[in-house]
Amino acid sequence: MDKHEILKKYFGYSQFRKGQETLIDAVLSGRDVLGVMPTGAGKSLCYQIPALLFPGITLVISPLISLMKDQVQSLNQAGIHAAYINSSLTENQIAKALKLAAKGTYKIIYVAPERLETYGFLEFARHAEISMLTVDEAHCISQWGQDFRPSYLKIVRFMQELDKRPIVSAFTATATENVQEDIICVLGLQEPEFLVTGFDRSNLYFAVETPKKKDDYVLDYIKDHPGDSGIIYCATRKSTDSLYEKMQADGILPAKYHAGLGKEERRENQEDFVYDRRPVMVATNAFGMGIDKSNVRYVIHYNMPQSLENYYQEAGRAGRDGEPSECILLYSPQDIMINQFLIENKEPNPEFTREELAAIQERDAERLRIMNYYCLTSNCLRAYILNYFGERGKETCQNCSNCQKEFVETDMTEEAVEIISCVKELRGRYGINVAAGTLAGARRAKLLEYGMEACKSYGRLSKLGEPKIKRLINQMLVEGYLDSTKDKYALLKLAARTDELTEGIGKFTLKEAEQLPQPERKQDSASGNRRKSDILNSRGLELFDRLRSLRSEIARQEALPPYIIFSDKTLVDMCVRLPFGRQEMLEVNGVGEHKFQKYGEPFLREIREYTGEEKEKLYFGDLEEASRYGRKQGKPSGGKAKTAKADFFLTRNQAGQFPYAQKYLAPELGEKLNELRDPEWVKKTSGAEIIRRSQELGLSEEKAANGMRYRVVTEKGEEAGLFLGTRISKKGTEYEDIYYGEKAQRMVVEWFISP
Ligand code: ADP
């Protein structure tokens, strides 16, 4: 078998992705490699395919126990013999695994770095034929990286213990140039094939939002994306708990994860999320390392993280399957203070000296500053990230919140100079709140108590209002025109660049967004970056839903995460191609032979049953476009993509979630129905539509008397559960309107269920 046959047979794919083939070929020719590719690019295949072609064993060093389990499960599902050896196994299990490994049972063995120096493992390794050593998450070996793991240095000593040096392949998603050099040098890679594919994740939409009420934003977002899987990251355990409770009170049942929970509880919650039993996770950044869930549709940061490295890594957990997904950061200026506090109170790592710790603190402060810039910049967010990782690309991406905003630039140098005068006057004794209050001329008891009324600066910027003054001060802090003490009080002081403004050398501009109304922006982003399932028409979506349910059923029986069975993308491709037999099913993107044997039949049965074995077209556009779309990462081909939305309808599953109540007016009923639909591809219904249909069916009538129009319920309507009730108008007069009781609500929901 060659690499192409393996790709198809075991993984079900017909083409390599960018970079994969280069690395695979290099390894197969006996060379070391270093692959730097973003999350979701397909690094695993780069060592898994050669591993199957080599005579001996491939050892994969990975720091993440949970990831090992996931990878091994996936490989076993694909029919490849693999195992993992780490501390989640008992000594007995490890001994057993090593015995089987020594017999050559496994082609691929995942192992934690700590394990490498244990006697049992070394014994095994010295006698086995090890063709390749793969170092996953290779940046962990570098002291420059944010995830340095001293245990990774054991890899080097381990290699020295072996009689024959295996080929070494190293992979990482996050590596600045320093880190890349470190990996090559510390691991001793010999003239490696070195491949850096772009860091860009074109399927991700980036946004920074500053909602007044973050909680409401999050709750609305989740409700607007029913059924989607997403992660909400909070800065602290406390805010995680509090958001979790608010979600529960609002009828959303998320999973929760932070270091304050017991080990068992964390494991259970993580599984609930991974297995889609609870598709939304609210967590601190303790969650996520090694989570390989491919269908995460959004990652919302409730607070700004501490560095852009952390942000890109956490946000990057969205859309690993290449489908459009959203990364939204909810920013508020207090986030800087929270993070400063967290940085200062970090538990010092005992492995570092005092000088090293001081250097690390300084580096952390610098990273935080860069992160904060990200939130304040009015330039393209993607370009900002890519630049930071050393990649110069386009200046605009049209797929981030800044590229979709219009900005107004205002020269604020004079105001900035006023602020500087105020800071001088306060002589380093107060923070941003007092300074902004003073400049705004606020009459807060505290300010009066401090005697601020007597300051020259008092009320000097009252025309701007306090929030805007705060925004200016923050931006001045970020740009180095002001500074603050590093303690939690963050008292304002002058900075190195202050003079540039006071001496008239520099200019200070504020760029403010003129935001488009929310719905318009949403549609824009959806049309620019549609999901794979958007190409299905309503019949297609119904089938997609059925296949998803079938997958969940099988996942439950086999105790596997659903996406390990088939990805969403593969299910959509089934809906497009409608395979009725084995050969046709093997054409589907993501169906390999082994998976076909395990799961092919039930899916074929479902498809045959749904279609009555009649080929029909369940997608928009032509087949070539539809399947090309499936293979492509990220954006569909520009303007050609279809954006037509289907008329309002519900799938059975969606209908099952309708919140029945004692009574609703028609417009309320319409609203509740709309909340269940997928807003990206289904149009809204309305109260008017429900009234119109009710009248058509003879359930209600419109009458006119004395120049007034009013509606009445017919006998048939009464039977169906409609009734008249009294309402009071804004002016205070009573009038009658038609309510829909629970029975009537059931009837209306039924109207809209797609056949
Ligand atoms: P990484 O380790 O780089 O984050 P993975 O190896 O987990 O990425 O791959 C991400 C996803 O892409 C997986 O679902 C994988 O099966 C899929 N994938 C990898 N290579 C290909 C390919 N050539 N064609 C289609 N899908 C692929």
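Analysis parameters
- Residues numbered from 1 in each chain as written.
- Predicted model: local features only at pLDDT ≥ 70, side-chain atom pairs only at ≥ 80, totals over all residues.
- Heavy atoms only, no water.
- Pairing = 2+ DSSP bridges.
- Helix = DSSP H or I, 4+ residues; strand = E, 2+ residues; numbered from the N terminus.
- Axes fitted to C-alpha atoms, helices over the stretch in contact; angles between N-to-C directions.
- Contact = heavy atoms within 4.5 Å.
- Salt bridge = Lys/Arg side-chain N within 4 Å of Asp/Glu carboxyl O.
- Buried < 20%, exposed > 50% of the residue type's maximum accessible area, 1.4 Å probe, protein only.
- Domains from an automatic or database assignment.
- Buried area = accessible area lost by both parts, 1.4 Å probe.
- Polar contact = N/O pair within 3.5 Å; in protein donor to acceptor, adjacent residues only side chain to side chain.
- Phe/Tyr/Trp six-rings, centres within 6.5 Å; stacked < 30°, edge-to-face > 60°.
- Lys NZ or Arg CZ within 6 Å of the ring centre and 35° of its normal.
- Near = heavy atom within 4 Å.
- Areas by Shrake-Rupley, 256 points an atom, 1.4 Å probe, with all protein chains shown as cover.
- Nonpolar A, V, L, I, M, F, W, Y, C, P; charged D, E, K, R; others polar.

Draft legend 1. Summary view of the sheet that holds strand S9 (residues 229-233). Spatially, S8-S13-S12-S9-S11-S10 is the arrangement adopted by the six strands of the open sheet, whose pairing is parallel. In this open sheet, the two edge strands, each paired with only one partner strand, are strand S8 (204-209) and strand S10 (255-257). Within the sheet, the average angular offset between the axes of one strand and its neighbour, ignoring direction, is 15 degrees. Bridge count for strand S12 (residues 296-301) against strand S13 (residues 325-330) is four bridges, and the pairing is parallel. If you follow Ile300 over to S13, its bridge partner there is Ile328. Against the sheet, helix H9 (residues 214-224) touches S8, S9, strand S11 (280-283), S12 and S13, its axis set at about 170 degrees to S13. Most of the contacts of helix H11 (residues 263-274) go to S10, to which it runs at about 135 degrees, and overall it touches S9, S10, S11 and S12.

Draft legend 2. Representation of the pattern of salt bridges within the structure. By the definition in use, this model includes 39 salt bridges. Linking Arg126 and Glu161 is a salt bridge whose minimum nitrogen-to-oxygen distance equals 2.8 Å. In this pair, Arg126 sits in helix H6 (residues 119-127) while Glu161 sits in helix H7 (residues 154-161), placing the two residues 35 residues apart along the sequence. According to the relative accessible area criterion, Arg126 is partly exposed, its value standing at 32%. Here Arg267 ties to Glu264 by a salt bridge, and the two come within 2.7 Å at their closest N and O atoms. Taken as a pair, Arg267 and Glu264 lie in helix H11 at a separation of three residues, close to a single helical turn. The exposure class of Arg267 is partly exposed, given its relative accessible area of 41%. Among the charged side chains, a salt-bridge network with shared partners connects Asp545, Arg548, Arg551 and Asp568.

Draft legend 3. Structural context of the pairing of S11. A two-sided burial pattern is seen for S11, the buried positions comprising Val280 and Val282 on one face and Met281 and Ala283 on the other. Looking at chain direction, S9 and S11 are connected through four bridges and run parallel. For Tyr233, the partnering residue across the bridge sits in S11 and is Ala283. Bridge count for S10 against S11 is three bridges, and the pairing is parallel.

Draft legend 4. Structural view of unusual backbone geometry. Positioned with a positive phi, Asp276 is a non-glycine residue whose angle comes to about 65 degrees. Checked against the element boundaries, Asp276 lands in the loop between H11 and S11. What makes Asp276 partly exposed here is its relative accessible area of 26%. Of note in the backbone geometry, Gln398 takes a positive phi value of approximately 60 degrees without being a glycine.

Draft legend 5. Structural context of the domain arrangement of the protein. Entries for the protein in the domain assignment read domain 1 (3-196), domain 2 (204-344 + 378-388), domain 3 (407-513), domain 4 (532-628) and domain 5 (652-751). Centre-to-centre, using C-alpha coordinates, domain 4 lies 37 Å away from domain 5. On the domain 5 side, the residues contacting the six residues of domain 4 number four residues. Surface buried jointly by domain 4 and domain 5 totals about 390 Å² across both partners, of which 45% is contributed by carbon and sulfur atoms. Together, Asp534, Leu541 and Asp545 form the three largest contributors to the area buried by domain 4 at its contact with domain 5, with a combined 73%. The interface formed by domain 4 and domain 5 contains zero residue pairs in polar contact (both at pLDDT 80 or more).

Draft legend 6. Fine view of the packing of aromatic side chains. Evaluation of the coordinates by the stated rule reveals 19 aromatic pairs. Each ring, one from Phe648 and one from Phe752, has its centre 5.0 Å from the other, and the planes form 80 degrees; the classification is edge-to-face. You can see Phe648 sitting in the loop between helix H27 (623-631) and helix H28 (652-655) and its partner Phe752 sitting in helix H32 (residues 742-752), a full 104 residues away along the chain. The exposure classification of Phe648 matches that of Phe752, with both residues buried. One aromatic cluster in this structure is built from Phe121, Phe124 and Phe158. Over the aromatic face of Tyr739 sits the side chain of Lys663, whose NZ or CZ is 4.5 Å from the ring centroid.

Draft legend 7. Focus on the pairing of strand S6 (residues 167-172). The buried count for S6 comes to six of six residues, which makes it a mostly enclosed element. Direction of pairing for strand S1 (residues 33-36) relative to S6: parallel, over a ladder of four bridges. If you follow Val33 over to S6, its bridge partner there is Ser169. Examined bridge by bridge, strand S5 (residues 130-135) and S6 share four bridges and lie parallel to one another. Residue pairing across strands places Leu133 opposite Val168, the latter belonging to S6.

Draft legend 8. Region of the structure containing the site of the ligand. The environment of the ligand is formed by 14 residues, the closest being Tyr13, Gln15, Gly40, Ser44 and Arg320. Gln20 has a polar side-chain atom sitting 2.9 Å from a nitrogen atom of the ligand. A distance of 3.4 Å separates an oxygen atom of the ligand from a polar backbone atom of Ala41. Relative to its free-state accessible area of 570 Å², the ligand is covered by the protein chains to the extent of 81%. Element by element, the count of residues in the shell around the ligand is highest for helix H3 (residues 43-53), at three residues. Among the residues making up the shell around the ligand, the classes are represented as five nonpolar, six polar and three charged.

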